[in-house]
Structure formats: structure tokens, C-alpha cells
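# Structure assessment
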Amino acid sequence: MARERLLIVDDEEDILELLRFNLALEGYELSLARSGESALQKAAFEKPDLILLDLMLPGIDGLEVARRLKDNPQTRFIPIIILSAKGEDSDIVAGLELRADDYITKPFSPRVLIARVRAALRRSRPRGEETPERVIRRGDLEIRPDMRRVTVQGEPVDLTHTEFKLLTLMASRPGWTLSRSQIVDRIRGPHHAVTDRAVDVQIVGLRKKLGPRADLIETVRGAGYRFKAT
């Protein structure tokens, strides 16, 4: 089973060490950031499964980091747990109104924090019949739907939210031809006002980003698109 990656954002070395020690024992893969700017860069590049975010950071503060992450289509799905010495009701409300998933005040119990992390990760996982495979491998293309990561020949591929959903939809049904209307219905919902041309544009962009594996997405003339059965 793939290890879930957490991004820890804090400028206090003792807090970073405490979190790193306890979370590593739980088997999580960890990435660290000591400033708001670094947090935004790492979140966009690494697409972690969850972010532990301090509010009092040098440069861009934690609230602004949370706001930017939730406004960015590529990172807004990432759960955020705020860690802060600010424990007033107004501070907690401000954090939660920015769509943070939880708010933990310092000092905190590592056991409680780990339980909150597990709960947030459970809530963020897809449920029901449409739950995708944990890992989809098609040759040297690897898709991790629960982690929203794609690699080609071991190299990460940076996709938009729509491109990722499109690739996952097609790769999970190799050999099936999907019409443009079917693609729109599954990705954006029925009756969404998207033209055939818009779907074609998404396909072109996706093929470009897949580079050497662009051939996996085939055009079926007069019908739509399909993912090559390998």
C-alpha cells in the first residue's frame, strides 16, 4: 500500500521535530516547509495527501496560505489541519471559514493530532461504487487516484483537476470508447454546458503532458476517444 504524504508547515524547529518523529512512526511520508512561500510551492508540486499548517509564519502567513491553496483548483482538494498557538474563538472560526478541515491549538497531544490526521484522511478518500483503484498502472504510466498523482516513466506529470479526472476516467476503462457527451457527464455532471471543442482541447492538453505516452489516448473517428488496451 502506498504511503500517504503529509506536508508539515511550521517555522519552529522543535515543533517540526516533534511532528516529524511522531508521524514518521505512523508510517507517513513527510515533507517539510518553514515558510508560507515554500508551503505553496511544495503543495503545488508534490500534491500531498494532507497539510499541517501553522498560522504564524514568516512572509506569507498561514491564513493566506490556506486561502491560496483553497482558491487554486490544483490544490483545493488537499485537506488542511491548522496548528496554531492562537486559540481564541475568532481565530478558530477564521481558519475554518477558509475551508480548513480541522483546527488544533498548541500545545497539543501527539496522539490526538494523529487521530485527527487519520480522520481527515478518511474523509478525503473517495467512497461508494465509484471509488477508483488505489493504483492504476498501464505500462509505464502510473495513476494514484487517492493521492491525485500521475507519473510517466517514473517522472511526475502536472495535470489540472479536469485533466486528472479525464485521464483517470479513461485509464480505468481501457478499450472503451467514450463519446464527448459521456466524458462531460462523468467529469462535469449531466447538462453541463461544455462544447465538443472544449473536450477536444482537454484531450490535446492531456496528450501533450503525457509526452511519450500520448499514444495511450486514441481518437475514434465519429465516436469519441478511448484509452488503448495494453
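Each value, and the rule that gives it
- Residues numbered from 1 in each chain as written.
- Predicted model: local features only at pLDDT ≥ 70, side-chain atom pairs only at ≥ 80, totals over all residues.
- Heavy atoms only, no water.
- UniProt positions renumbered as here; feature names shortened; annotations may be inferred.
- Helix = DSSP H or I, 4+ residues; strand = E, 2+ residues; numbered from the N terminus.
- Axes fitted to C-alpha atoms, helices over the stretch in contact; angles between N-to-C directions.
- Left-handed = near helix turned anticlockwise from the far one by under 90°.
- Contact = heavy atoms within 4.5 Å.
- Polar contact = N/O pair within 3.5 Å; in protein donor to acceptor, adjacent residues only side chain to side chain.
- Buried < 20%, exposed > 50% of the residue type's maximum accessible area, 1.4 Å probe, protein only.
- Arc of directions from axis to C-beta.
- Domains from an automatic or database assignment.
- Buried area = accessible area lost by both parts, 1.4 Å probe.
- Salt bridge = Lys/Arg side-chain N within 4 Å of Asp/Glu carboxyl O.
- Nonpolar A, V, L, I, M, F, W, Y, C, P; charged D, E, K, R; others polar.
- Core = buried A, V, L, I, M, F, W, Y, C linked by side-chain atoms within 4.5 Å.
- Pairing = 2+ DSSP bridges.

### Quick word on the UniProt feature "domain: Response regulatory" (unreviewed entry) in the protein chain
- Under the present numbering, the feature "domain: Response regulatory" (unreviewed entry) in UniProt falls on residues 5-121.
- In residues 5-121, the share of helix is 47% and the share of strand is 21%. The end C-alpha atoms are 10 Å apart.

### Details of the packing of helix H1 (residues 13-25) against helix H5 (residues 110-124)
- As a packed pair, H1 and H5 sit with axes 11 Å apart at the nearest point and diverge in direction by 65°. Of the two elements, H1 crosses H5, and the hand of that crossing is right-handed. Within the contact between the two elements, H1 uses Leu-18, Leu-19, Asn-22 and Leu-23 and H5 uses Pro-110, Leu-113 and Ile-114.

### A look at the side chain of Lys-47
- Looking at the element boundaries, Lys-47 is found in the loop between helix H2 (36-46) and strand S3 (50-54).
- One polar contact links the side chain of Lys-47 to the main-chain carbonyl oxygen of Ala-44, over a distance of 2.4 Å.
- Engagement of the side chain of Lys-47 in a polar contact is seen with the side chain of Asp-158, the distance being 3.2 Å.
- Those residues in contact with Lys-47, other than ones at most four positions away along the chain, are Lys-42, Gln-74, Phe-77, Ile-78, Met-147, Arg-148, Arg-149 and Asp-158.

### Structural notes on helix H3 (residues 62-71)
- If you check which residues of H3 are buried, you get Gly-62, Val-65, Ala-66, Leu-69 and Lys-70. Along the long axis of H3, the arc covered by the buried residues comes to 125°, so they all point the same way.
- Those residues of H3 that are buried lie in contact with H2, S3 and strand S4 (80-84).
- The opening residue of H3 is Asp-61, an N-cap whose side-chain oxygen sits 3.2 Å from the backbone nitrogen of Leu-63.

### Focus on the domain arrangement of the protein chain
- Domain boundaries in the protein chain define domain 1 (5-124) and domain 2 (136-227).
- A separation of 31 Å is found between the C-alpha centroids of domain 1 and domain 2.
- In this assembly, domain 1 packs against domain 2 so that about 740 Å² is buried in total across both faces, 42% of it on carbon and sulfur atoms.
- Where domain 1 touches domain 2, the interface holds one salt bridge.
- Between Lys-47 and Asp-158 there is a salt bridge, with its nearest N and O atoms 3.2 Å apart.
- At the boundary of domain 1 and domain 2, one finds two residue pairs in polar contact (both at pLDDT 80 or more).
- Partitioning the side of domain 1 that touches domain 2 into residue classes produces four nonpolar, one polar and five charged.

### With respect to the nonpolar core
- If you look at the biggest cluster of nonpolar residues, it comprises 25 residues, and the most contacted ones within it are Leu-141, Ile-143, Val-150, Leu-167, Met-170 and Phe-227.
- Elements that contribute at least two residues to this core include exactly strand S7 (141-144), strand S8 (149-152), helix H6 (161-171), helix H7 (180-188), helix H8 (196-210) and strand S12 (224-227).
- Tallying contributions element by element places H6 first for this core, with six residues.
- When residues no more than four places from it in sequence are discounted, the contact partners of Val-150 are Leu-141, Glu-142, Ile-143, Glu-155, Pro-156, Val-157, Leu-159, Phe-164 and Leu-167.
- One finds Ala-33, Ala-43, Leu-55 and Ala-100 within the second-largest nonpolar core, a separate group that totals 20 residues.

### What to know about the sheet that holds strand S1 (residues 5-9)
- Taken together, the five strands give an open sheet; going across it, the order is S2-S1-S3-S4-S5, and neighbouring strands pair in parallel fashion. Bordering the open sheet on either side are strand S2 (29-33) and strand S5 (102-105), each of which pairs with just one other strand. Going from strand to strand, the sheet's axes swing by 20° on average, the running direction of each strand aside.
- The pairing of S1 with S2 spans five bridges and is parallel. If you follow Ile-8 over to S2, its bridge partner there is Leu-32.
- Sheet strands in contact with helix H4 (residues 89-97) are S4 and S5, and its direction is about 150° off that of S5.

### Describing the pairing of strand S11 (residues 217-220)
- Here four bridges tie S11 to S12, and the two strands are oriented antiparallel to one another. Paired with Ile-217 across the strands is Phe-227, a residue of S12.
- Counting the residues between successive antiparallel strands, the hairpin from S11 to S12 contains three residues, one of them, Gly-222, with a positive phi of roughly 75°.

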